[in-house]
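# Breakdown of the fold
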Amino acid sequence: MQEKRDLENILTDLDEAEKTDLLHVWRIAGSVDEPGRVDTKRIDSIKAGLIAGMIDARADKSPTKNVRSIRLLHAVVPISRFSMALAASVVLLAVAYLTWYRPVVVTALPGQYASVVLDDGTEVQLNSGASLKYNRGWGATRRVRLQGEAFFDVAHTDEPFQIQTFNAVVTVYGTRFNVRAWESGQDPRTDVFLERGSVSLKSVSSPDEPVMLVPGDSRSVSGTGLVSEKSVGGMADTDWLRHDFEFRNDPLSEVLKEVERRFGTQIRTPGLSIEEIRITGSIKEPPTAESLLSDLTGMLNFAYRETSGGFELYHRSGQ
Amino acid sequence: MTPVTRSNSSHHPLKRLDIGEKQDDLVRRLRRSDPSAFSEIFDALHAPVLRYVQRILRDEDESYDVLQDVFSKLWEGRKDLNVHSSLKALIYRMARNRALNVLRKNDRMVAQSEIEAFPEVSDPSPSAEAFFSMDQLSERISGWIAALPPRRAEAFVLSRYHDLSADEISNLMNLSKRTVETHILHALRDLRAQLNKFESTDRND
């Protein structure tokens, strides 16, 4: 059994006396009962529910049913009369090529969201400020370029699907996941959170092998190009799809930037040095920038006031 | 939150249904949407996974939800199943991730720290008991394990009671294999120290 070999490995450098002792401890420890009850009725009902769900072909739970409004905002779509252009001469063929392979850019403006369905049926939802660029008419690989944050539901085909960010390549094998890649700011990195299926993550600048993710994993490619085994600081989660606002050990400056993008406003912090501040928290569906700022400043020692362009943070005095 | 309760029977080691050898076959059948494969996997793993999640969450209700979520997602993603280490480790990993997520969701402000994996079992004060019984010892051992630093306890528990290999544990906890082995070694040493103390105070010769 693997475990025996593991135990041997662990005890291998010890002297005989200690080895015997610890083996004895190991054996005795086996008498311990794991705390916790297993309610068999509940288990049976869970199992029955799962099996019943298999019969229903549409067993999917997509986040779209929780998202209240997603609007496609701004898409540059080429004139798709390529099929006619293909008919005649080389010149026409060249024109056709250019039209067919013209890049499409989909952008979610600050304060809004966008969604798009790609040629292969892949659905992408873009968070505020993000943009997705791809060429109509896939080549050998389906490839898009992402700036910002988006959630992907990739259609299952034989060709791999690739997402390029400013410093990483995410390769996809038919699945649902979140990619977050903001290039500017204090801590530029690409975060990937995998909800289901399988993806690999690779740094553009490093020769290392791609890292495979399993559902539930979060991995990051940092500014220096390292793929970290555990996520660094904030993780790409999918709260934003439900319009929640979440941050995990993120620099305050980044969080404020996200607020700016989410609500299309401007937040200034004159005279405050906030570079060292990191915060963790989660706020459900903040309806306005103001309510979010009220929560945020409540956590810190700041206060906020409205300005002509948006908001301004300042120190609470006397504390 | 309802606290996790101990089960009634004492020495009744965790039933370990091994899916090890049949794993490749199970994965293949699962990818082909074979419900009986899913059933076998569920039967083999629901109890240990549930207990592991209960350790993390210390809440019975939520643990069942997590369990359901994990197996539901497993079925949903069956076609894309890409098992690198072991199916069991993958399921544990999904369970761990989800349980940690629940922990974070429940506390609006959660420190970026390790999970408090184990409920505190108050160490019963050594009384003048003459006999050294397995029941007592089991309880004590539980308490000693609970008193270990969280990562050490988790590595040890996963190894001893969940039959996960050091490789699988390292994958699950995001640690190197070396670190996992060290944790287990230290756990054994700590337990031995406690055991020695227990045996010497117990013998009131």
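Quick note: structure is the one above.
Residues numbered from 1 in each chain as written. Chains lettered and ligands numbered in written order. Predicted model: local features only at pLDDT ≥ 70, side-chain atom pairs only at ≥ 80, totals over all residues. Heavy atoms only, no water.

Glancing now at the packing of aromatic side chains. Applying the stated criterion to the full structure yields 10 aromatic pairs over all chains. Taking the centre distance of 4.8 Å and the plane angle of 70° together, the rings of Phe42(B) and Phe71(B) count as edge-to-face. On the criterion of sequence distance, the pair formed by Phe42(B) in helix 2 (residues 35-57) and Phe71(B) in helix 3 (residues 60-76) is long-range, its members being 29 residues apart. When sorted by exposure, Phe42(B) lands in the same class as Phe71(B), which is buried. Every member of this aromatic cluster is reached through a ring pair, and the members are Phe38(B), Phe42(B), Phe71(B) and Trp75(B). For Arg261(A), the ring lying beneath its charged end belongs to Trp182(A), and the centroid distance is 3.4 Å. Its end group placed over the ring of Trp75(B), Arg78(B) keeps NZ or CZ at 4.0 Å from the ring centre. (Phe/Tyr/Trp six-rings, centres within 6.5 Å; stacked < 30°, edge-to-face > 60°. Helix = DSSP H or I, 4+ residues; strand = E, 2+ residues; numbered from the N terminus. Buried < 20%, exposed > 50% of the residue type's maximum accessible area, 1.4 Å probe, protein only. Lys NZ or Arg CZ within 6 Å of the ring centre and 35° of its normal.)

Moving on, we get to the pairing of strand 4 (residues 123-126) of chain A. All names here are of chain A. Relative to strand 4, strand 3 (residues 114-117) runs antiparallel, the two being bridged by four bridges. By the bridge assignment for strand 4, Ser115 is matched with Gln125. Once strand 3 ends, the chain turns through five residues before running back antiparallel as strand 4, passing Gly121 with a positive phi of about 100°. As judged from the four bridges shared by strand 4 and strand 6 (residues 142-153), these two strands associate in the antiparallel manner. Looking at strand 6, one finds that Val124 is bridged to Phe152. (Pairing = 2+ DSSP bridges.)

All right, on to helix 1 (residues 23-31) of chain B then. All names here are of chain B. Along helix 1, the residues that are buried comprise Gln23, Leu26, Val27, Arg29 and Leu30. One face of helix 1 carries all of its buried residues, which in axial projection span an arc of 165°. Contacts made by the buried residues of helix 1 are with helix 2, helix 3 and helix 4 (87-106). Positive backbone phi, approximately 65°, marks Ser33, located one or two places after helix 1. (Arc of directions from axis to C-beta. Contact = heavy atoms within 4.5 Å.)

The next point concerns the sheet that holds strand 18 (residues 302-306) of chain A. Across a sheet, paired strands are connected by hydrogen bonds in the backbone, their directions being either parallel or antiparallel. All names here are of chain A. Spatial ordering of the open sheet is given by 16-19-18, a layout of three strands whose pairing is mixed. Edge positions in the sheet fall to strand 16 (266-268) and strand 18, since each of these pairs with one other strand and no more. The mean angle between the axes of side-by-side strands here comes to 25°, regardless of whether they run parallel or antiparallel. Across three bridges, the pairing between strand 16 and strand 19 (residues 310-315) is parallel. The partner of Ile267 across the bridge, within strand 19, is Phe311. Along the sheet face, helix 6 (residues 252-263) touches strand 16, strand 18 and strand 19 and points at about 150° away from the line of strand 16. (Axes fitted to C-alpha atoms, helices over the stretch in contact; angles between N-to-C directions.)

Once that is clear, we can look at the packing of helix 2 of chain B against helix 4 of chain B. Residue and element names in this part refer to chain B. Helix 4 packs onto helix 2 with a crossing angle of 35° between their chain directions and a minimal axis gap of 10 Å. Crossing angle aside, the handedness with which helix 2 passes helix 4 is right-handed. Here Ile41, Leu45, Pro48, Val49, Tyr52, Val53, Ile56 and Leu57 of helix 2 come into contact with helix 4, specifically with Leu87, Lys88, Ile91, Tyr92, Ala95, Arg96, Ala99, Leu100, Val102 and Leu103. Each residue belonging to the contact of helix 2 with helix 4 can be placed in one class, and the counts come to 16 nonpolar, no polar and two charged. (Left-handed = near helix turned anticlockwise from the far one by under 90°. Nonpolar A, V, L, I, M, F, W, Y, C, P; charged D, E, K, R; others polar.)

Okay, the nonpolar core next. Counting residues in hydrophobic clusters, the biggest one holds 72 residues, and the most contacted among them are Ile41(B), Phe71(B), Leu74(B), Ile91(B), Ile145(B), Phe156(B) and Leu188(B). Here the element with the most residues in this core is helix 2 of chain B; it accounts for 12 residues. Residues in contact with Ile145(B), not counting those within four places in the same chain, are Ala153(B), Phe156(B), Val157(B), Tyr161(B) and Leu191(B). Core analysis: the second largest hydrophobic core is formed by 30 residues, Ala114(A), Leu146(A), Val199(A) and Leu201(A) among them. (Core = buried A, V, L, I, M, F, W, Y, C linked by side-chain atoms within 4.5 Å.)

Applying the stated criterion across every chain, the model contains 24 salt bridges over all chains. Glu258(A) is paired through a salt bridge with Arg261(A); the nearest N and O atoms lie 2.9 Å apart. With Glu258(A) and Arg261(A) both in helix 6 and three residues apart, this pair spans about one turn of that helix. As far as burial versus exposure is concerned, Glu258(A) and Arg261(A) are alike and both buried. Across the salt bridge formed by Arg98(B) and Asp69(B), the nearest N and O atoms sit 3.8 Å from each other. (Salt bridge = Lys/Arg side-chain N within 4 Å of Asp/Glu carboxyl O.)

All names here are of chain B. With a phi close to 55°, Asp163 is a non-glycine residue in the positive phi region. By secondary structure assignment, the location of Asp163 is in the loop between helix 6 (150-162) and helix 7 (166-173). On the basis of relative accessibility, which here comes to 17%, the residue Asp163 falls in the buried class. For Asn174, which is not a glycine, the phi torsion comes out positive at approximately 60°. In this fold, Asn174 is placed in the loop between helix 7 and helix 8 (177-202).

Our focus in this paragraph is the environment of Met173(B). Residue and element names in this part refer to chain B. Structurally, Met173 can be placed in helix 7. Residues Met173 and Arg93 lie 80 residues apart in sequence; the distance between their C-alpha atoms is 8.2 Å. Once residues within four sequence positions are removed from consideration, Met173 is found in contact with Arg96, Arg151, Glu154, Ala155 and Leu158.

Right, let's talk about the packing of helix 3 of chain B against helix 4 of chain B for a bit. All names here are of chain B. Running from N to C, helix 3 and helix 4 cross one another at 135°; their axes reach a closest spacing of 9 Å. The orientation of helix 3 relative to helix 4 falls into the category oblique. Handedness of the helix 3/helix 4 crossing: right-handed. Seen from helix 3, the contacting residues are Glu62, Val66, Asp69, Val70, Phe71, Lys73 and Leu74; seen from helix 4, they are Leu87, Leu90, Ile91, Met94, Ala95, Arg98, Ala99, Val102 and Asn106. For the contact of helix 3 with helix 4, the class distribution of residues is 11 nonpolar, one polar and four charged. (Parallel < 35°, antiparallel > 145°, perpendicular 65-115°, else oblique.)

A few words now on the environment of Asn101(B). Residue and element names in this part refer to chain B. Assignment of secondary structure puts Asn101 in helix 4. Overall, the relative accessible area of 21% leaves Asn101 in the partly exposed class. Placed 35 residues apart in sequence, Asn101 and Val66 show a C-alpha to C-alpha distance of 9.9 Å.

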